[in-house]
Amino acid sequence: MKAEVPVKKALPGSLTPQRLVELYRTMLLIRHFEEQCAPAYRQGKMGGYMHVYIGQEAVATGFIAHMRDDDYMLCSYRDHGHALARGTDPRRVMAELFGRYTGVAKGKGGSMHLVDVERGFLGGYGIVGGMVPLAVGVGYGIRYRGTDQVCLCFFGDGAMNIGPVHEALNMAAIYKVPVVFICENNRYAMATPIEFASAVPNLAERAKQYGMPTKQIGGMDLLEVYREAEEIIRHVRTTPEPFFVEVLTYRFEGHGIADNPTNQALYRTKEEIEYWRQRDPIVNTARFLLESGFATESELLEWDTYAKQQALEAVAYADASPEPSIEELYRDVYTDMEVQEWR
Amino acid sequence: MTYREALRQALTEEMERDPGVFILGEEVGRYQGTFRVTEGLLQRFGEMRVVDTPISESGIAGMAIGAAMIGLRPVAEFMTFSFALIAADQLVNHAAKILYMFGGQIAVPVVFRGPAGGGAQLSAQHSHSLESWYAHIPGLKVVTPATPADAKGMLKTAIRDNNPVIFMEHAKLYSTRGEVPEGDYTVPFGVADVKREGSDVTLISYSQPVLLALQAAAKLAETEGIECEVIDLRSLQPLDMETILRSIRKTHRAVVVHEDHRNVGFGAEVIARVQELAFDELDAPVLRVASADVPIPYARNLERAAFPSEEDIIRAVKRVLA
Ligand SMILES: Cc1ncc(C[n+]2csc(CCOP(=O)(O)OP(=O)(O)O)c2C)c(N)n1
């Protein structure tokens, strides 16, 4: 029935209408999930740093869409979107943010250290760029086994100024490891604009010297990200060699929960935020779905309601979950050794 | 067999036993290893398993951790432990914490090994071992074998361990010789070794200074009739307090001997625990013989003065017996 409606834009590559709808709904879930974070944080239900991904949803969604079940990924502390895009149970993600035992890391990791070993998600990391060398090791492990798995490694533009990232890029190229380095350039490292911090603000250009293919792509349009990611990941899986991709994107919210609008006014304008909000990947994808006839207004509304419900359920689940027991304090320090309590 | 050969034997046997074990580091392959520990391994195991790396300490450590996270058993060599400081973030913030912060779901079975310590006039930036820094970090195991037999048995234990292990060899030990049992054997972590029995005072040491303590003990027995018990801790984390306390219940006096600096060095931890657990057993304050609290100097006489000596130990023993 829907197939008879004229398609206004062609779908890229392997993308089917059903798959596009799934990805759209993933972005909706990420958005609603994170919109529940701020109030929960303000109520004191979460602590620590909390960095939301609002505005950047198309990046994780478009790349992770091409991961196979046995692929790996690592990312930075801005990791809620990546976990949800990978299919991690939102309730367990929220429980982790609440510091509960039912969380993905028993409440020991928190917002910045989500993980889902079963899905090859080897963690979010709080040290800027710290996981980039780890990704090279994961890629090396893949080569060592001789499989055609790939490893995706997400990090920010700020990470490009950290030494170990450059060691890692160089090593990735000399060992030809199947890693896709995905630099999510949202233009700011906290309050520092890319133009200030990078002598060569075109990061794909900067990475070119490492002897691997590099590319700069747009990150606000899910279809574009999906198309580019498909090609890049296929290249890395079949060649194999690393690939560096700079994704131009934007965070609509502050750097972290403490970075409120007054604070943000110190480094960016309302006009700039508005300019990027016009390019909201969720709004754009919704418009595309409508115009192409892949969805109706009422379906969009239904999916939106469902995603919000999922987010609220996640909050309720987290809220009702127990905290880890005090004995947990001393567990998981070593795989095989008890840690002595010295008091 | 030399200490270096014992290490090489452990690496060879473990690589043969487990195809997931591989080595990476600067000059470990074509050049045959800066201290010749990895000699012949590239020829034997190929470049996928003996990986020459750029001068990229963070990269080496991180790559090893990443490979360990998906089930390999990397052994990363630092050219010296002074340079491991460049990789400190990878060791402390990543290797040590991944198991814990992901709720016990990702183990990091990796060994970081290489020469520690000084004594060859290599000066300040090549002589620093900082074992107390690593022992201070929950999640890392720290071992410091002093003999070829322990080097082989403990390296095998380290490779089979599912945790990150800081494996400190002492540069001055590589050419020392000793009996090494044939075939496959391991030396457990957390078990100190009484390297000499004695009744008058306990010398607690680890790594190369154990040899110094043994020399001092021999001289004290010969010239003064003082019988020192010499304990080689071997493993700093886990730490075997039982053996220390058993000895102190016998001798009631102790001296800690190490190359670590005195100030906030590892001896401070040993002594703190002794007084927490066996205060009543002590007949004298426990003393420390340690490196001077200075960057290690170049000049031969200054370097000698900076490191603990046999005479320092003898003097300390006499003081605790006085
Ligand atoms: C090594 C290190 N230095 C500083 C920080 C503090 N810090 C946390 S996030 C951040 C900005 C990083 O920006 P970017 O890499 O662009 O990622 P984004 O937050 O934009 O996603 C800084 C400086 C840190 N976590 N780690």
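As a reminder, the structure under discussion sits directly above these lines.
Values in this document were obtained by computation on a predicted structure and should not be read as measured data.

Quick word on the pairing of strand 4 (residues 111-116) of chain B
Residue and element names in this part refer to chain B. The buried fraction of strand 4 amounts to six of the six residues, a majority that puts the element mostly inside the structure. In terms of strand pairing, strand 3 (residues 73-77) meets strand 4 through three bridges, oriented parallel. Bridge pairing in strand 4 places Glu77 opposite Arg113. Bridge count for strand 4 against strand 6 (residues 165-170) is six bridges, and the pairing is parallel. Paired with Val111 across the strands is Val165, a residue of strand 6.

Here we look at the interface of chain A and chain B
Taken together, the contact between chain A and chain B spans 44 residues of the former and 51 residues of the latter. Counting each side, the surface lost to burial between chain A and chain B is near 3,700 Å², with a carbon and sulfur contribution of 68%. Summed over the shared surface of chain A and chain B, the number is one salt bridge. Sorting elements by how many residues they give to the side of chain A that touches chain B places helix 5 (residues 131-145) of chain A first, with twelve residues. A breakdown of the residues in the side of chain A that touches chain B according to their chemical character gives 26 nonpolar, nine polar and nine charged.

Here we look at the pattern of salt bridges
Under the definition given, this model contains 47 salt bridges over all chains. We note a salt bridge from Glu228 of chain A to Lys215 of chain A, for which the minimum N-O separation is 2.8 Å. Of this pair, Glu228 of chain A sits in helix 9 (residues 222-238) while Lys215 of chain A sits in strand 7 (residues 214-218), and the two are 13 residues apart along the sequence. Residue classification places Lys215 of chain A among the partly exposed positions, given a relative accessible area of 30%. A salt bridge links Asp161 of chain B to Lys141 of chain B, with the nearest nitrogen and oxygen atoms 2.7 Å apart. On the criterion of sequence distance, the pair formed by Asp161 of chain B in the loop between helix 7 (148-160) and strand 6 and Lys141 of chain B in strand 5 (residues 141-143) is long-range, its members being 20 residues apart. Each of Glu13, Glu14, Arg17, Lys152, Lys156, Arg160 and Asp184 of chain B takes part in salt bridges that share partners, so that together they form one network.

Reading guide: rules and limits
- Residues numbered from 1 in each chain as written.
- Chains lettered and ligands numbered in written order.
- Predicted model: local features only at pLDDT ≥ 70, side-chain atom pairs only at ≥ 80, totals over all residues.
- Heavy atoms only, no water.
- Buried < 20%, exposed > 50% of the residue type's maximum accessible area, 1.4 Å probe, protein only.
- Helix = DSSP H or I, 4+ residues; strand = E, 2+ residues; numbered from the N terminus.
- Pairing = 2+ DSSP bridges.
- Contact = heavy atoms within 4.5 Å.
- Buried area = accessible area lost by both parts, 1.4 Å probe.
- Salt bridge = Lys/Arg side-chain N within 4 Å of Asp/Glu carboxyl O.
- Nonpolar A, V, L, I, M, F, W, Y, C, P; charged D, E, K, R; others polar.

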